[in-house]
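The primary structure of each chain is shown beneath.
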Amino acid sequence: MNNLFFPVILAGGKGERFWPLSRLDKPKQFLSLDGSSKSLLQATAERLLPLADGWQNLWVITSSAIAQGVREQLPDLLESNLLIECVGRDTAAAVAWASLEIKRRYGENAMIGFFPADHWIADPEVFLATLSAATELARSTPAIVTLGIKPNFPSTGYGYIEQGEKLCDFNSLPAYHVHRFTEKPDRETAATFLSTGRFSWNSGMFVFQAGVVLAELRTHAPEIIQPLEQYGPDIYPQLPKKSIDYALMEKTSLAYVLPVAFGWDDLGDWNAIERLLKQEDNPNVELATHVGLDTQGAIIYASNPDDVIVTIGLEDVVIVRDRNVTLVVKKDRTQEIKQILKTLQNDGRFTDLL
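Residues numbered from 1 in each chain as written. Predicted model: local features only at pLDDT ≥ 70, side-chain atom pairs only at ≥ 80, totals over all residues. Heavy atoms only, no water.

Quick word on the packing of helix H3 (residues 90-106) against helix H7 (residues 222-231)
The contact between H3 and H7 brings their axes to 10 Å, and the two run at 40 degrees. Our classification of the angle between H3 and H7 gives oblique. H7 is crossed by H3, and the crossing has right-handed handedness. Between H3 and H7, the contacting residues are Ala92, Ala93, Ala96, Trp97 and Leu100 on the first element and Ile224, Ile225, Leu228 and Glu229 on the second. A class-by-class count of the residues in the contact of H3 with H7 yields 8 nonpolar, no polar and 1 charged. (Axes fitted to C-alpha atoms, helices over the stretch in contact; angles between N-to-C directions. Helix = DSSP H or I, 4+ residues; strand = E, 2+ residues; numbered from the N terminus. Parallel < 35°, antiparallel > 145°, perpendicular 65-115°, else oblique. Left-handed = near helix turned anticlockwise from the far one by under 90°. Contact = heavy atoms within 4.5 Å. Nonpolar A, V, L, I, M, F, W, Y, C, P; charged D, E, K, R; others polar.)

As structure tokens, this is what we get:
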């Protein structure tokens, strides 16, 4: 049996809700958002290298638009382990293609893990122990194991996983059969989920044997896996655009969840910066030279240290200054940044701002 573990980093996203800092030529995964010197992609690779036992087993799947940026960010990544999508088709196609490639090289027993490139994770030792438990589970039984983050507030921005029957413990972590997945609920429903103690946030991280996930894809998503098996990645533009949750995880009977408690954030929009960096002695989160009067609850960022942002009488806003763009938005409306980007895309005057 092949005991190697192959982490695959999903690095094709655009990170549009971090615009204007995140742009087509420099998406979110290339940014450092936690005050460190490492980008999110670099931090993700660094976390996974001990599990991969070196660069020879670490993989990245990304888009053609940013493949060169991935090479520059991860100069030690093997070119043969970099899969480049000619067009984005969401995570189901990415998981299918990468799993087929790893199975082709290393066999059906190869252990694979999929990890978004743009997540923030604290407690690296707990993270590694959790992945060890997930790998043990997936090696011992046909299973598609997902990591569920124990929720600490009723988020309406995350998907939820309800745990069903307990299987057993792995490395002192309980493993449960997945009862159901629920997409982003309203606040009342999210609060109800928390009160039961049976729900986790869906982290988007998965572990399984190559043969197991490919067999389940053939059963539940033949419209994705069969064209890839027959024609290879050249068929990518004709594949349906589906998430792995929708295409497989909500349908398979082999889904298991490990509820875990390491620090985690999917950094979905600018409000995540406040969750990471808020200090009690400062009414604002300031990643810029800021002079303020009667301003509180603000998130203020400037990419140029010479830029000065001055505020008077503001509350609960996000202000971002990057290159030739200044964004000012209320914190509870940051999800609407994507709508503004659609407006910019349709106006030739603003294409250089994307």
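Moving on, there is more to tell.
Things to note about the packing of aromatic side chains
Inspection of every chain in the model, using the stated rule, returns 13 aromatic pairs. Here phenylalanine 127 and phenylalanine 262 contribute two aromatic rings whose centre-to-centre distance is 5.5 Å and whose plane-to-plane angle is 80 degrees, an arrangement assigned as edge-to-face. One end of the pair, phenylalanine 127, is in helix H4 (residues 124-140); the other, phenylalanine 262, is in the loop between strand S10 (255-260) and strand S11 (264-265), with 135 residues separating them in the sequence. Each member of the pair, phenylalanine 127 as well as phenylalanine 262, carries the same accessibility label: buried. (Phe/Tyr/Trp six-rings, centres within 6.5 Å; stacked < 30°, edge-to-face > 60°. Buried < 20%, exposed > 50% of the residue type's maximum accessible area, 1.4 Å probe, protein only.)

Considering the pattern of salt bridges
If you walk through the whole model with that rule in mind, you get 19 salt bridges. Arginine 23 is paired through a salt bridge with aspartate 322; the nearest N and O atoms lie 3.2 Å apart. Placement of the pair is arginine 23 in the loop between strand S1 (5-10) and helix H1 (40-52) and aspartate 322 in strand S16 (residues 317-322), with a sequence separation of 299 residues. Looking at arginine 23, the relative accessible area reads 3%, which means it is buried. Its relative accessible area of 4% is what places aspartate 322 among the buried residues. Here arginine 104 and glutamate 101 are joined by a salt bridge, their closest N and O atoms 2.7 Å apart. A residue pair is termed a helical-turn pair when its members lie 3 or 4 positions apart in one helix, as arginine 104 and glutamate 101 do in helix H3 at 3 residues. Looking at arginine 104, the relative accessible area reads 58%, which means it is exposed. Connected via shared salt-bridge partners are Arg23, Asp25, Asp322 and Arg323. (Salt bridge = Lys/Arg side-chain N within 4 Å of Asp/Glu carboxyl O.)

Digging into the side chain of histidine 119
Mapped onto the elements of the fold, histidine 119 is located in the loop between strand S4 (111-116) and strand S5 (120-121). Since its relative accessible area comes to 8%, histidine 119 is described here as buried. A polar atom in the side chain of histidine 119 sits 3.1 Å from the side chain of tryptophan 264. Beyond its immediate sequence surroundings of up to four residues, histidine 119 is in contact with Leu40, Thr44, Arg47, Ser203, Trp264, Asp265, Asp266 and Leu267. (Polar contact = N/O pair within 3.5 Å; in protein donor to acceptor, adjacent residues only side chain to side chain.)

Comments concerning H3
An ideal rise of 1.5 Å per residue puts 24 Å on 17 residues; H3 measures up with 25 Å between its terminal C-alpha atoms. Every buried residue belonging to H3 is among Ala92, Ala93, Ala94, Val95, Ala96, Trp97, Ala98, Ser99, Leu100, Glu101 and Ile102, and all of these are buried. The first or second residue beyond H3 is glycine 107, which carries a positive phi of 100 degrees. (Expected span 1.5 Å × (residues − 1).)

A short note on the sheet that holds strand S12 (residues 285-287)
The strand order across the open sheet built from 4 strands is S12-S14-S16-S17, with neighbouring strands paired in mixed fashion. Only two strands of the sheet have a single neighbouring strand rather than two, namely S12 and strand S17 (325-330). Each strand axis lies, on average, 5 degrees off the axis of its neighbour in the sheet, ignoring direction. Two elements, S16 and S17, share 6 bridges in a ladder whose sense is antiparallel. Among the inter-strand pairings, valine 320 is bridged to a residue of S17, identified as leucine 327. (Pairing = 2+ DSSP bridges.)

Topic: the pairing of strand S8 (residues 173-182)
Across 8 bridges, the pairing between strand S7 (residues 160-170) and S8 is antiparallel. Looking at the pairing, lysine 166 lines up with tyrosine 176 of S8. Taken together, S7 and the strand that follows it, S8, pair antiparallel across an intervening segment of 2 residues, in which asparagine 171 is found at a positive phi of about 50 degrees. Relative to S10, S8 is paired through 2 bridges, and the arrangement is antiparallel. Bridge assignment links histidine 177 to a residue of S10, and that residue is tyrosine 256.

Notes on the packing of H3 against helix H6 (residues 210-220)
The relative placement of two packed helices comes down to the angle between their axes together with the axis-to-axis distance. For the pair H3 and H6, the least separation of the axes is 10 Å and the interaxial angle reads 135 degrees. Taken as axis vectors, H3 and H6 run oblique relative to one another. Seen from above, H3 lies across H6 with left-handed handedness. Listed contacts from H6 to Ala96, Ser99, Leu100 and Lys103 of H3 are Ala210, Val213, Leu214 and Leu217.

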